[in-house]
Amino acid sequence: MIAGILSNLERQLKAVLLLDTLQKEEFSHLSARNPGGVASAEFSIQELLRQLTVERHSLHAIYAALDPGATRLGDVIGRFSPEDAEKAGGLVAAIDAGQQRCAKQASRNYAMALGLYDVAKGSLDTLRKLLVPKKGVYGAKGRMATGTSGPGIISGRL
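Below you will find a few notes about this structure.

Procedures and definitions
- Residue positions are given per chain, counting from 1 as you read along its sequence in written order.
- Under the rules for a predicted model, residues below a pLDDT of 70 receive no local features and side-chain atom pairs below 80 are neither given nor counted, while totals for whole chains, interfaces and linings still include all residues.
- Derived side-chain values reflect all non-hydrogen atoms in the structure, with water molecules and hydrogen atoms excluded from consideration.
- Every helix listed is a DSSP run of H or I at least four residues long, and every strand listed is a run of E at least two residues long, numbered separately from the N terminus.
- Think of it in three bands: with a 1.4 Å probe and only protein chains considered, a residue is buried below 20% of the maximum accessible area for its type, exposed above 50%, and partly exposed in between.
- We call two residues contacting when some pair of their heavy atoms lies within 4.5 Å.
- Residue burial considers only the protein chains on display, and all accessible areas are found by Shrake-Rupley using a 1.4 Å probe.
- Positive charges come from Lys and Arg alone, negative charges from Asp and Glu alone, with His and the N- and C-terminal ends not counted.
- Throughout this description, the term salt bridge denotes a Lys or Arg side-chain nitrogen within 4 Å of a carboxyl oxygen of Asp or Glu.
- Multiplying one less than the number of residues by 1.5 Å gives the expected span of a helix.
- Patches here: salt-bridge-free residues with over 30% relative accessible area, like charges joined within 9 Å, nonpolar side chains (Val, Leu, Ile, Met, Phe, Trp, Tyr) joined within 5 Å.

1. A few points about the overall build of the protein chain
Here comes step 1: A count of helices and strands for the protein chain gives 4 helices and 0 strands.
Here comes step 2: What you see in the protein chain, going N to C, is helices and strands ordered as α-α-α-α.
Here comes step 3: Residue burial in the protein chain is summarised as follows: out of 158 residues, 23% are buried.
Here comes step 4: Sequence-distant contacts, at least 24 apart, represent 62% of the contacts inside the protein chain between residues at least 6 apart.
Here comes step 5: Just so you have it, the protein chain exposes about 11,000 Å², and 61% of that area is on carbon and sulfur atoms.

Here it is as structure tokens:
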């Protein structure tokens, strides 16, 4: 069981390091304004997060198998040898540090994506203002009426 906990923690550490790499790749795609690259990196990140969640649930199941009341590593660490306890503590510290880096990178990615959205929306709004006519009235010949004020008379056959 202890070996299972240590291997699970090692897998989680590798997943967090990979997550950091994927987030940096996503940022580079955002910087290059490559939406296809951003989308593929985001799909990879989402799948990795799903797998990381499965690993965490698996780890909690191992804790429960060791001690039914255990919910975290601190509850079962007393059963570890001193070497394994030190190794587990180091892994948990490395995972925590990696998660902190990932959180900071995710914040940078979010700010970049939001900034790009604001720029694109501003450009579209400006373009729409230029394209939409000021007055929405067409004349009899299909052209925009420029000097008409108020409603006009429609003539023709019915």
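2. A closer look at the side chain of Glu 26
Here comes step 1: Looking at the element boundaries, Glu 26 is found in helix α1 (residues 2-31).
Here comes step 2: An unpaired buried charge is present at Glu 26: no salt bridge exists, and Arg 108, the closest side chain of opposite charge, is 11 Å distant.
Here comes step 3: In contact with Glu 26, other than residues within four places in its own chain, are Val 38, Ala 41, Glu 42, Ile 45 and Asn 109.

3. Some thoughts on helix α2 (residues 35-66)
Here comes step 1: End to end, α2 covers 47 Å across 32 residues, agreeing with the expected 46 Å (1.5 Å per residue, within 8%).
Here comes step 2: Burial in α2 covers these residues: Gly 37, Val 38, Ala 41, Ile 45, Leu 48, Leu 52, Leu 59, Ile 62, Tyr 63 and Leu 66.
Here comes step 3: Structurally, α2 contributes buried residues whose contacts are with α1 and α3 (73-76).

4. Some details on a nonpolar patch on the surface
Here comes step 1: Residues Leu 124, Leu 127, Leu 130 and Leu 131 make up a contiguous nonpolar surface patch of roughly 460 Å² in combined accessible area.
Here comes step 2: On the secondary structure map, Leu 124 appears in helix α4 (residues 82-131).
Here comes step 3: For Leu 124, a relative accessible area of 52% corresponds to the exposed category.

5. Points about the side chain of Asp 20
Here comes step 1: Tracing the backbone through its elements, the reader meets Asp 20 in helix α1.
Here comes step 2: The class of Asp 20 is buried, set by a relative accessible area of 7%.
Here comes step 3: Sequence-distant contacts of Asp 20, that is, excluding residues within four places in its chain, are made with Arg 101 and Cys 102.

6. A closer look at unusual backbone geometry
Here comes step 1: You will see that Arg 33, though not glycine, has its phi angle at about 55 degrees, which is positive.
Here comes step 2: Within the secondary structure layout, Arg 33 lies in the loop between α1 and α2.

7. A look at the pattern of salt bridges
Here comes step 1: Evaluation of the coordinates by the stated rule reveals 7 salt bridges.
Here comes step 2: For Arg 11, the salt bridge identified is with Glu 55, shortest N-O distance 3.0 Å. Highlighted residues: Arg 11 in helix α1 and Glu 55 in helix α2, separated in sequence by 44 residues.
Here comes step 3: Several salt bridges share partner residues, and in doing so they unite Asp 20, Lys 24 and Arg 101 into one network.

That's the geometry; what it means functionally is another story.
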